[in-house]
Amino acid sequence: GGGGGGGGGGGPQPMDHDRGGVGNEEIGTASAPGITATQQVSGILEGLSQSQLWGMMANMKAQIEANPDEARHILMANPQLAYALLQAQIIMGMVSTVDMQKMLNPAASVPAVTPATVQQQKQSAAAAAAAAAAAVAAGQDD
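Cut-offs applied
Residues numbered from 1 in each chain as written. Predicted model: local features only at pLDDT ≥ 70, side-chain atom pairs only at ≥ 80, totals over all residues. Heavy atoms only, no water. Helix = DSSP H or I, 4+ residues; strand = E, 2+ residues; numbered from the N terminus. Buried < 20%, exposed > 50% of the residue type's maximum accessible area, 1.4 Å probe, protein only. Contact = heavy atoms within 4.5 Å. pLDDT = per-residue confidence, 0-100. Core = buried A, V, L, I, M, F, W, Y, C linked by side-chain atoms within 4.5 Å. Axes fitted to C-alpha atoms, helices over the stretch in contact; angles between N-to-C directions. Parallel < 35°, antiparallel > 145°, perpendicular 65-115°, else oblique. Left-handed = near helix turned anticlockwise from the far one by under 90°. Nonpolar A, V, L, I, M, F, W, Y, C, P; charged D, E, K, R; others polar. Expected span 1.5 Å × (residues − 1).

Asker: Explanation requested: the overall build of the chain in the structure shown.
Answerer: What the chain contains, in helices and strands, is 6 helices and 0 strands. Each helix and strand of the chain, placed in order from N terminus to C terminus, yields the pattern α-α-α-α-α-α. Classification of the 142 residues of the chain by burial places 27% in the buried group. Here the analysis covers contacts within the chain between residues at least 6 apart in sequence; of these, 64% occur between residues at least 24 apart.

Below, the structure is given as structure tokens:
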């Protein structure tokens, strides 16, 4: 037997930036040839428990409530974090993939892929993550 993961504690735990999970890890550089950053983020998230995902969302919610401008800056500067938050919300059933597609592509048109549109998509994803996290923060208040 493995012994389990311990009790629930007294609330969300801070993200452990030293254990190599969701933290300081360089998501932008794939660990194996042919693995994209989004595949790597998805793999990391799939390895987290529901309580870890909720803790990650609670930490982002606290950051948004404490300093919304800084939270937005962090998400804009780290599109992999924005993607991870969106993916976590999908895994947790907080939003559907259809809703995300509507948020990210309201015109339902497919633009040509250029470096400018890739950067714009990253910024749109970060902005959508910030908006979704803010909506979660507003909806989860007690």
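Asker: How should the confidence of the model for the chain be read in this particular structure?
Answerer: Caution applies to low-pLDDT parts of the model: their predicted coordinates are not meant to be read in detail. When pLDDT is averaged across the chain, the result is 72; 59% of the residues are at 70 or more. Across residues 2-30, where pLDDT falls below 50, the model places 30 contacts with residues more than four positions away in sequence or in other chains.

Asker: Would you mind going over the nonpolar core with me for this structure?
Answerer: The nonpolar side chains of a soluble globular protein tend to be buried, and buried together. The biggest cluster of nonpolar side chains holds 23 residues, and the ones touching the most others in it are Leu 45, Leu 53, Met 56, Met 60, Leu 75, Leu 85 and Ala 88. Looking at this core, the elements with two or more residues in it are α1 (37-46), α2 (50-66), α3 (68-77), α4 (79-91) and α6 (115-140). Considering every element that reaches this core, the biggest residue donor is α4, with 6 residues. Apart from the residues within four sequence positions on either side, Leu 85 is in contact with Met 56, Met 57, Met 60 and Leu 75.

Asker: How do you make sense of the packing of α1 against α4 when you look at a structure like this?
Answerer: Geometry of a packed helix pair, given as the angle between the helix axes and the separation of the axes. It is at 10 Å that the axes of α1 and α4 come closest, and there the two elements cross at 50°. If you check the angle between α1 and α4, you find them oblique. Crossing angle aside, the handedness with which α1 passes α4 is right-handed. Contacts between α1 and α4 involve Thr 38, Val 41, Ser 42 and Leu 45 from the first element and Gln 80, Tyr 83, Ala 84, Gln 87, Ala 88 and Ile 91 from the second. A class-by-class count of the residues in the contact of α1 with α4 yields 6 nonpolar, 4 polar and no charged.

Asker: What is the right way to look at α4 in this model?
Answerer: Each α-helix turn comprises 3.6 residues. Residues three or four places apart therefore point the same way. The first and last C-alpha atoms of α4 sit 18 Å apart over 13 residues, in line with the 18 Å expected at 1.5 Å per residue. Within the span of α4, buried status applies to Leu 81, Ala 82, Ala 84, Leu 85, Leu 86, Gln 87, Ala 88 and Gln 89. Gly 93 sits one or two positions beyond α4 and adopts a positive phi of about 80°.

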